[in-house]
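Below are the chains, spelled out letter by letter.
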Amino acid sequence: MHIICTDMEGKPHELQATGEWTVMEIIREGGIPILAQCGGSCACATCHVYVDPEWKDKLPEPNEEEIGMLDGAFEVTEDSRLACQLIFNEKLDGLKVKLAPGSI
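Residues numbered from 1 in each chain as written. Predicted model: local features only at pLDDT ≥ 70, side-chain atom pairs only at ≥ 80, totals over all residues. Heavy atoms only, no water.

Q: Summarise the sheet that holds strand E1 (residues 2–6); cite the residues concerned and give the values.
A: Spatial strand order, E2-E1-E5-E3-E4: 5 strands in an open sheet with mixed pairing. With one partner strand each, in any of the chains shown, strand E2 (12–16) and strand E4 (80–82) form the two edges of the open sheet. Here the strands of the sheet are splayed against their neighbours by 35° on average, with no regard to which way each runs. As judged from the 3 bridges shared by strand E3 (residues 48–51) and strand E5 (residues 95–99), these two strands associate in the antiparallel manner. Looking at E5, one finds that Val49 is bridged to Leu99. (Pairing = 2+ DSSP bridges. Helix = DSSP H or I, 4+ residues; strand = E, 2+ residues; numbered from the N terminus. Axes fitted to C-alpha atoms, helices over the stretch in contact; angles between N-to-C directions.)

Q: Which residues make up the environment of Gly39, and what values do they have?
A: Tracing the sequence through the fold places Gly39 in the loop between helix H1 (23–29) and E3. A C-alpha to C-alpha distance of 19 Å links Gly39 and Asp71, two positions 32 residues apart in sequence.

Q: Quick rundown of the side chain of Thr22? Include the residues and the values.
A: By the element assignment, Thr22 lies in the loop between E2 and H1. When sequence neighbours within four positions are dropped, the list of residues in contact with Thr22 reads Ala83, Cys84, Leu86 and Ile87. (Contact = heavy atoms within 4.5 Å.)

Q: Any details on the pairing of E3? Residues and values, ideally.
A: Along E3, one buried face is formed by His48 and Tyr50 and the opposite face, lined by Val49 and Val51, is buried too. Two strands pair when backbone bridges link them, and E3 and E4 are joined in this way by 3 bridges, in the antiparallel orientation. Opposite Tyr50, over in E4, you have Ser80 as the bridge partner. (Buried < 20%, exposed > 50% of the residue type's maximum accessible area, 1.4 Å probe, protein only.)

Q: Could you give an account of the packing of aromatic side chains, with specific residues and numbers?
A: Applying the stated criterion across every chain yields a total of 0 aromatic pairs. The ring centre of Trp55 lies 4.4 Å from the NZ or CZ of Lys58, which sits over that ring. (Phe/Tyr/Trp six-rings, centres within 6.5 Å; stacked < 30°, edge-to-face > 60°. Lys NZ or Arg CZ within 6 Å of the ring centre and 35° of its normal.)

Q: Before we move on, could you go through the environment of Ala83 and cite the residues and values that matter?
A: Here Ala83 shows up in the loop between E4 and E5. A relative accessible area of 0% means that Ala83 is categorised as buried. When the C-alpha atoms of Ala83 and Val49 are compared, they prove to be 6.2 Å apart, with 34 residues separating the residues in sequence. Residue contacts for Ala83: discarding those within four places in its chain leaves Thr22, Val23, Met24, Ile27, Cys47 and Val49.

Q: Before we move on, can you summarise the nonpolar core with the specific residues and values?
A: Ranked by internal contacts, the top residues of the largest apolar core, which has 29 residues, are Ile3, Val23, Ile27, Cys47, Leu95 and Val97. Those elements that provide at least two residues to this core are E1, H1, E3 and E5. For this core, the element with the most residues is H1, which contributes 4 residues. Leaving out residues up to four positions away in the same chain, Val23 has contacts with Ile3, Ala83, Leu86, Leu95 and Val97. (Core = buried A, V, L, I, M, F, W, Y, C linked by side-chain atoms within 4.5 Å.)

Here you go:
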């Protein structure tokens with residue numbers, strides 16, 4: 001299983017993914033720099049990513065806490081999510097995300 005994470009320079013990286021890990025943990029474990037200052041507790045927006053539109057409907061809706069944190073993020077779009085709130089599972093094999101400004 002894997003995800004594709006595009007870094008801030010536009011280079012895609014195929015990262016080995018582990019079920020039940022967050023996308024933030026997968027990115028970090030894959031060696032891609034991501035701030036994630038709160039360590040995944042949804043207390044900041046420094047793991048902000050853009051989810052590829054083809055995957056957006058396959059993810060659960062963000063909860064109120066995530067929406068509140070995204071309000072403080074840079075350059076939020078309709079594809080914005082916090083990587084710490086996205087739990088990877090086999091249905092997300094091949095998920096594509098891109099690091100957003102403020103995440104490194």
